[in-house]
Amino acid sequence: QVQLVESGGGLVQAGGSLRLSCAASGSIFSINAMGWYRQAPGKQRELVAVVTTGGDTNYADSVQGRFTISRDNAKNTVYLRMNSLKPEDTAVYYCNARIISTKWGPSYNYWGQGTQVTVSS
């Protein structure tokens, strides 16, 4: 059993900052890519940022230069630092991780429960 638990969402004014955290726990042998997605009301879930085990990152164009993704492999945790927030960043943010539970086992995709980020204008 694997769980992803997110924290750090909330209400912030435009121009403000938030930091999201997501900790993976349970039966974990290794974690491949970890990332953040978001889903605004009436819209499809979209990729925000992803980070590989080696630290390579990729961002959506809409957040490039404002958001920073990082991970602590020792803690099985991924972070998303969000600066210069805009009302259009309002969404439920979901953590995602590709996890291998046993040494020779396959990897599976896991999702957190989501955390609400609301940016007021």
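Placed above this text is the structure.
Residues numbered from 1 in each chain as written. Predicted model: local features only at pLDDT ≥ 70, side-chain atom pairs only at ≥ 80, totals over all residues. Heavy atoms only, no water.

Here we look at unusual backbone geometry
(1) Moving on: If you check the backbone angles, Asn 76 has positive phi at about 50° while not being a glycine.
(2) Moving on: Inspection of the secondary structure assignment puts Asn 76 in the loop between β7 (67–72) and β8 (77–82).
(3) Moving on: A residue is classified by how much of its surface remains accessible, and Asn 76, at 23% relative accessible area, is partly exposed. (Helix = DSSP H or I, 4+ residues; strand = E, 2+ residues; numbered from the N terminus. Buried < 20%, exposed > 50% of the residue type's maximum accessible area, 1.4 Å probe, protein only.)

Structural notes on the nonpolar core
(1) Moving on: Counting 30 residues, the largest nonpolar core has Trp 36, Leu 80, Met 82 and Tyr 93 as its most contacted members.
(2) Moving on: Broken down by secondary-structure element, the contributors of at least two residues to this core are β1 (2–7), β3 (18–26), β4 (30–39), β5 (46–51), β7, β8, β9 (91–100) and β11 (115–120).
(3) Moving on: A total of 5 residues in this core trace back to one element, the largest contributor, which is β9.
(4) Moving on: Discounting chain neighbours no more than four positions away, the residues touching Met 82 are Gly 16, Ser 17, Leu 18, Leu 20, Arg 66, Phe 67, Tyr 93 and Val 117. (Core = buried A, V, L, I, M, F, W, Y, C linked by side-chain atoms within 4.5 Å. Contact = heavy atoms within 4.5 Å.)

A few points about the side chain of Thr 115
(1) Moving on: Relative to the elements of secondary structure, Thr 115 occurs in strand β11.
(2) Moving on: Among the polar contacts listed, one links the side chain of Thr 115 to the backbone nitrogen of Gly 9, at a separation of 3.4 Å. (Polar contact = N/O pair within 3.5 Å; in protein donor to acceptor, adjacent residues only side chain to side chain.)

Let's talk about the state of the cysteines
Two cysteines whose sulfur atoms are joined by a covalent bond form what is called a disulfide.
(1) Moving on: Applying the stated criterion across every chain yields a total of 1 disulfide.
(2) Moving on: Covalently, Cys 22 is tied to Cys 95 through a disulfide, its sulfur atoms 2.1 Å apart. Measuring handedness by torsion sign, the sulfur bridge of Cys 22 and Cys 95 sits at about -80° and is left-handed. Of this pair, Cys 22 sits in strand β3 while Cys 95 sits in strand β9, and the two are 73 residues apart along the sequence. The same class applies to Cys 22 and to Cys 95, which are both buried. (Disulfide = S-S within 2.5 Å.)

Remarks on the pattern of salt bridges
(1) Moving on: In this structure the tally under the stated criterion is 3 salt bridges.
(2) Moving on: With a shortest N-O distance of 2.7 Å, Glu 46 and Arg 38 are connected by a salt bridge.
(3) Moving on: With its nearest N and O atoms 3.0 Å apart, the salt bridge here joins Asp 89 to Arg 38. Taken together, the residues span a long stretch of sequence, with Asp 89 in the loop between β8 and β9 and Arg 38 in strand β4 at a distance of 51 residues.
(4) Moving on: With a relative accessible area of 1%, Asp 89 lands in the buried category.
(5) Moving on: Counted as one network, the salt bridges with shared partners bring together Arg 38, Glu 46, Arg 66 and Asp 89. (Salt bridge = Lys/Arg side-chain N within 4 Å of Asp/Glu carboxyl O.)

Keep in mind these numbers describe shape, not what the thing actually does.
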